[in-house]
Amino acid sequence: MSIPRPEYPRPQFVRSEWLNLNGEWQFEIDAGDSGLERGLVQRELQDRILVPFCPESELSGIGNTDFMPAVWYRRTLTIPSSWGQQRVLLHFQAVDYDTTVWVNGTEVARHRGGFTPFSCEIPSGLAGSDVTIVVRARDTAQPPQPRGKQSQRYENYSCLYTRTTGIWQTVWLEPVPAVSLKRPRITPDVAHGCFHLTQPLSALGTGLTLRVRLKNDAGEVCTVSVPADRDFSPKVTLPIPEERRHYWSTQSPYLYDLEIELLNGETTVDSATSYAGLRSVTIDGKAVKINGQTVFQRLVLDQGYYPDGIMTAPSDEALVHDIKLGLQAGFNGARLHQKVFEERFLYHADRLGYLVWGEFPDWGCGGYGREDNHQQPGATYVTQWLEAIERDYSHPSIVGWCPLNETWQILTDRTTVLDEVTRAMFLATKALDSTRPVLDTSGYSHRVPETDIYDSHDYEQDPAKFAANHAGTGENKPFINRHREQEISVPYRNQPYFVSEFGGIWWNPEVEPGKDSWGYGAAPRSLDEFYDRFKGLCDVLLDDAAMFGYCYTQLTDVYQEQNGIYTFDRKEKFDIERIRDVQTRIAAIEKI
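Calculation rules
Residues numbered from 1 in each chain as written. Predicted model: local features only at pLDDT ≥ 70, side-chain atom pairs only at ≥ 80, totals over all residues. Heavy atoms only, no water. Axes fitted to C-alpha atoms, helices over the stretch in contact; angles between N-to-C directions. Helix = DSSP H or I, 4+ residues; strand = E, 2+ residues; numbered from the N terminus. Parallel < 35°, antiparallel > 145°, perpendicular 65-115°, else oblique. Left-handed = near helix turned anticlockwise from the far one by under 90°. Contact = heavy atoms within 4.5 Å. Nonpolar A, V, L, I, M, F, W, Y, C, P; charged D, E, K, R; others polar. Salt bridge = Lys/Arg side-chain N within 4 Å of Asp/Glu carboxyl O. Buried < 20%, exposed > 50% of the residue type's maximum accessible area, 1.4 Å probe, protein only.

K.L.:
Can you walk me through the packing of helix H6 (residues 527-542) against helix H7 (residues 576-583) in this structure?
P.N.:
A packed helix pair is summarised by two numbers, namely the angle formed by the two axes and the spacing between the axes. Where H6 contacts H7, the two axes come as close as 9 Å, and the packing angle between them is 20°. One finds that H6 runs roughly parallel with respect to H7. For the pair H6 and H7, the sense of crossing is right-handed. In contact with Asp 528, Phe 530, Tyr 531, Phe 534, Lys 535, Cys 538 and Leu 542 of H6, H7 contributes Arg 578, Ile 579, Val 582 and Gln 583. Among the residues making up the contact of H6 with H7, the classes are represented as 7 nonpolar, 1 polar and 3 charged.

Written as structure tokens, this is what we have:
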């Protein structure tokens, strides 16, 4: 049986030795969350599941879409004898939501969060031996927690969809030495024509040397070595001669290769490969610039759902295909909406020159109180968001961060949990990454006066009314979302502005009677009416010299939400060249 999703899951920090654990695992639903007391750590489980697909999905072989408060996994495998005395790390790319891991009956890890990776260590001295891994994932429906678009009802409804429980990304093993490289942080420096690399280590590298080699198609660009034991995390600067400088952009997504080695004399202790793009993001008045050039961001909302895998792409090719669908329709990037996408999506965005806004799946904390204090995000929101940024920091395709989305709440003179957590997530993002703009929340409720970017969501379907909504942008009076005519955001302070959700035009003339189907506003009566509406809405934003971009809803239909450029199974709904032609003309801000 072939291994599902066999590709390397961490493409920006690659070691040559690893073992993919995707495939058949024992599985059991624990409806009462009593499995620990009933001995599920010790005994065989009743069913079989195909990892990394969640049990709600068809691809998993389970296909159970009911609530599953807890699920269990079990697999026995042999640690390769060739790994000798090395430490063995067990990696989970994503498990939803509260995870506990046992190896040979001993607990080795706990992790909270359904969208970010975590690792633990297999007990030492087991090379060539069998080990049994047991995983329990708890995922309850009611308490506030980051869920993204996962429905808290039994059924799908509105813009909420089938849940994902348990393992939904790759599980794998990796041998590492006692002192090993951890994931590096690579920062491009366009002004000085170099990369800055910070290389954390698993322990103090006494007497060791860090050597980093930067390469491109013409061969070695530079090699820099530094002592590995002088700083908590060794740092190197990798200069690029002017004649060897190539910038990463949407037109030319140039990537440099990196070889990272930890040396004891001339003996290699540990090594890994990576890559980097020389790219800057700056703000100049109302423009957001890439490498000093104004680029109108023609973004599409991408929710990353699949009919057969739900949040897990059925193949690596499916990730590439989604990016190419966006590019073919004239978009130059995407808001990765209410989901931390698997890292291989970002790898392909890096390769293909596709701009990305990273977002946190924060939905799941609203509706727990009065309208002026019903949003209840906890400290775990900050924790999980920092894990996401740490994973994705070095990807050149990411040009902005947005930790929250549509956190509507009436603005009063009292400081609320929403105010505290919005500011905490904003400041944490700025502290971890000073190279990209941060939007405090997408659409509403803006609660950080100094947010780098300001935006709105506007699903007005009449282009004339849409134009009237945005007529004041050039006079620093942009459209600002309200709730029942009440203020929900702090005032605008002349930041770069864009409409980060619009359109969402409903189109499915073949929907069966009685089937749930919706989009924003009334569906066009004909294809020509669709094209006129699409062009009219896009033209309003393209012709606004104070607008740095937009995000159209959305790339594909998702279950009952049928307002995509493509169907849920990725078929064309429209003349894609016609959609492309509307979007790819020069925007007003690009002429300045």
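Having put the structure on the table, let's press on.
K.L.:
Looking at this structure, I do not really get the pattern of salt bridges. What am I missing?
P.N.:
Oppositely charged side chains can pair when the atoms bearing their charge come close. Tallied over the full model, the rule gives 43 salt bridges. One salt bridge in this structure joins Arg 298 and Glu 590, with 2.9 Å as the shortest N-O distance. Taken together, the residues span a long stretch of sequence, with Arg 298 in strand E23 (residues 297-302) and Glu 590 in the segment after H7 at a distance of 292 residues. Accessibility expressed as a relative area gives 7% for Arg 298, which makes it buried. Classification of Glu 590 by relative accessible area gives partly exposed; the value is 26%. Across the pair Asp 452 and Lys 430 runs a salt bridge, and its minimum N-O distance is 2.7 Å. Linking Asp 452 in the loop between helix H4 (417-432) and strand E27 (454-458) with Lys 430 in helix H4, this pair joins segments that are 22 residues apart in sequence.

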